[in-house]
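# Summary of the model geometry
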Amino acid sequence: MENMLKFSDWLIQLDPSSHPRELVVEVSTECNYNCVHCFRNAAIGFRGCTMDLDLFTHLLEEASNSGVKKIILSGWGEPTVHPDIMDMLRKMKDYGFYVVLNTNGSRLFEIAEDLVSLEIDEVFVSIDAFDVKLYSQIRRMGDFSAVSKGLEKLRNLKLQNGGVKPEIKSIFTVNKLNIGEVSKALEYARAFGVHEIMFSYYISYPGGHEELECMNSAECREKLRKELEKAALKYFETGIRVVQPSLMPTTMRRCPFASNRALFIRCDGAVAPCIYYSRNWSTKLFGVKRKIREVVLGNIRNSKLIDLWRGPYLRMFFRLLFTYMPSCLDCTLQNYCSLTLSNEADCWGNNPSCAHCPYLHYLSYCPI
C-alpha cells in the first residue's frame, strides 16, 4: 500500500490527508550583522544566495496547494535585507497565509508602517543584551538604538491604529557575556511592546567562540537558573510571556518542526526537514564535536511539496513525531560513541539521526 511503514510487527499507513501546515522560508543568506554566536560561521562550503521573486511566487503556489497555513521568514540570513522583502510579505498576505517575520530588527523603523498596514501576524526580534556596548559586542555591526526605535515606532503605530498586529516577540540567545542581562528582558519588553520572550542557549561550534558557551558550564547554568527565577517574579508584574530552555538535556524531547508539521525551504529551493539539518556544518555540544550533514528531501523547482512530504519525508516524520530515537545528549557513552560524531546514523539504526539535536532537547528555541 502507498505511504506504508513497517514498524516491528505493525504496518502503519500515513493518513492520505496528511500535509505540511507550516513552512520556514529562507529568502536570503545575506546579513548586515556579524553576530558572535551565528552558526553561519560554522557552515562548510557555504554558498550564499538570494531567492528570486519567481521562485518565491512558485513556492507560495505550492504551499497553498499543499494546505500550508503559516509561513515564517527565517533562515541562515536576515530576511529584511532582501530587496523585494515588502513585495514578498504582501504576496504572502494576498495568499491568505499567517505570516511571521524573524529579524535582527535593524530595519524595523524603516518598514514599521508596512508591517502594521499589511497586518503581518508576528514579528520575532533577536535581542541579546540591553546594554548598548554589550549589544554591539555580541551583535557586531548592529545598532541597539536603531532596534529600540523600530520597536517603539511599531508599538506607537499599533496604538494609533487600534490594532494588535503584528504581535511582537523576542529571542534572547544566552551566552556567558549576557547571562546577567536575562532578568532585564521583561522590563525592556514591557517598555517596547514585546509580548513574549524566548530564551535559548547559544549553540557552540568548533573554531567559534566556544568560551562563550553557557550550556556546558555548570556555573553558567546556575546563573541562568537564578536569572530566570528573577524573570519569573517579574512575569506577574509585566504579564510578558516567557519561554525558557531546559537547563540540561533530558529524555523529554519534541521536534518543533515535526510537531508543527513544518518544513524548511532554502533560498535555492531545496527542501529540508528543518533549519538545523539544512546545510553542512559542525557543532560542539557538551564537549563533543559533531558533523552535521545536510538532509535535502528534494527541490520545489522540480518536485511537488506535497509529494516530498508524503514521500522522502515519510520515515523521518514518523521517527520525529513519536521520538523513536536514542537521546545522545544525556547518554553516558556520548564521549566514547563514534555514532554520535555525526547525524548520519544512530545506535537504533536511524539514518539520518536527530538524537543529539539541541532543538529536540528544548535547549535552543526554534521560532516556528
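So, here is what we can say about the structure in this document. (Residues numbered from 1 in each chain as written. Predicted model: local features only at pLDDT ≥ 70, side-chain atom pairs only at ≥ 80, totals over all residues. Heavy atoms only, no water.)

## Description of the pattern of salt bridges
Under the defined criterion, the tally for this structure stands at 23 salt bridges. One salt bridge in this structure joins E26 and R279, with 2.8 Å as the shortest N-O distance. Here R279 lies in the loop between β11 (270–272) and β12 (281–285) and E26 lies in the loop between β3 (22–25) and α1 (53–65), a separation of 253 residues in the sequence. For the residue pair E26 and R279, the accessibility class agrees, reading buried in each case. With a closest N to O distance of 3.3 Å, K169 and E122 form a salt bridge. Taken together, the residues K169 in strand β7 (residues 167–174) and E122 in strand β6 (residues 122–126) connect sequence positions 47 residues apart. For the pair K169 and E122, one class covers both residues: buried. (Salt bridge = Lys/Arg side-chain N within 4 Å of Asp/Glu carboxyl O. Helix = DSSP H or I, 4+ residues; strand = E, 2+ residues; numbered from the N terminus. Buried < 20%, exposed > 50% of the residue type's maximum accessible area, 1.4 Å probe, protein only.)

## Remarks on the pairing of β12
Taken across its five residues, β12 has five buried, putting it largely inside the fold. With burial as the criterion, each face of β12 is covered, one bearing W281, T283 and L285 and the other bearing S282 and K284. With five bridges connecting them, β12 and strand β13 (residues 288–292) associate as antiparallel partners. Across the sheet, the residue bridging to K284 is K289, located in β13. (Pairing = 2+ DSSP bridges.)

## Thoughts on α1
With 13 residues, α1 should cover 18 Å at 1.5 Å per step; its first-to-last C-alpha distance of 18 Å lies within 8% of that length. On its buried side, α1 packs onto β3, β4 (70–73), α2 (85–94), β10 (262–265) and α9 (305–310). Measuring from the side-chain oxygen of the N-cap residue of α1 to the backbone nitrogen of D54 gives 3.1 Å; that N-cap residue is D52. Positioned one or two residues after α1, G67 has a phi angle of 90°, which is positive. (Expected span 1.5 Å × (residues − 1). Contact = heavy atoms within 4.5 Å. Polar contact = N/O pair within 3.5 Å; in protein donor to acceptor, adjacent residues only side chain to side chain.)

## Overview of the packing of helix α3 (residues 108–117) against helix α5 (residues 144–161)
Running from amino to carboxyl end, α3 crosses α5 at an angle of 25°, the nearest separation of the two axes being 8 Å. Here α5 runs roughly parallel to α3, going by the angle between their axes. For the pair α3 and α5, the crossing hand works out as right-handed. Taken together, the residues of α5 that come into contact with α3 (itself represented by L108, F109, A112, E113, L115 and V116) are V147, K149, G150, L151, K153, L154, L157, K158 and N161. Here the residues of the contact of α3 with α5 sort into nine nonpolar, two polar and four charged. (Axes fitted to C-alpha atoms, helices over the stretch in contact; angles between N-to-C directions. Parallel < 35°, antiparallel > 145°, perpendicular 65-115°, else oblique. Left-handed = near helix turned anticlockwise from the far one by under 90°. Nonpolar A, V, L, I, M, F, W, Y, C, P; charged D, E, K, R; others polar.)

## Some remarks on α5
With 18 residues, α5 ought to run about 26 Å at 1.5 Å a step, and its terminal C-alpha atoms sit 26 Å apart, in line with that. Turning to α5, its buried residues number three or more, namely F144, V147, S148, G150, L151, L154, L157 and K158. In this fold, the buried residues of α5 make contact with α3, β6, α4 (132–138), β7 and α6 (185–192). Following α5 by one or two positions, G162 adopts a phi angle in the positive range, close to 70°.

## Regarding the side chain of H356
By the element assignment, H356 lies in the segment after α10 (314–321). You can call H356 buried: its relative accessible area is 1%. At 2.9 Å, the side chain of H356 forms a polar contact with the backbone oxygen of S342. Setting aside chain neighbours within four positions, we find H356 in contact with Y277, L285, R290, I292, C328, L329, T340, S342, N343 and H361.

## What to know about the pairing of strand β2 (residues 10–13)
Residues in a regular strand project their side chains so that they alternate between the two faces of the sheet. When strand β1 (residues 4–7) meets β2, the two strands line up antiparallel, connected through four bridges. Bridged to F7 within β2 is W10. Between β1 and β2, which follow one another and run antiparallel, lie two residues, and S8 among them has a positive phi close to 55°.

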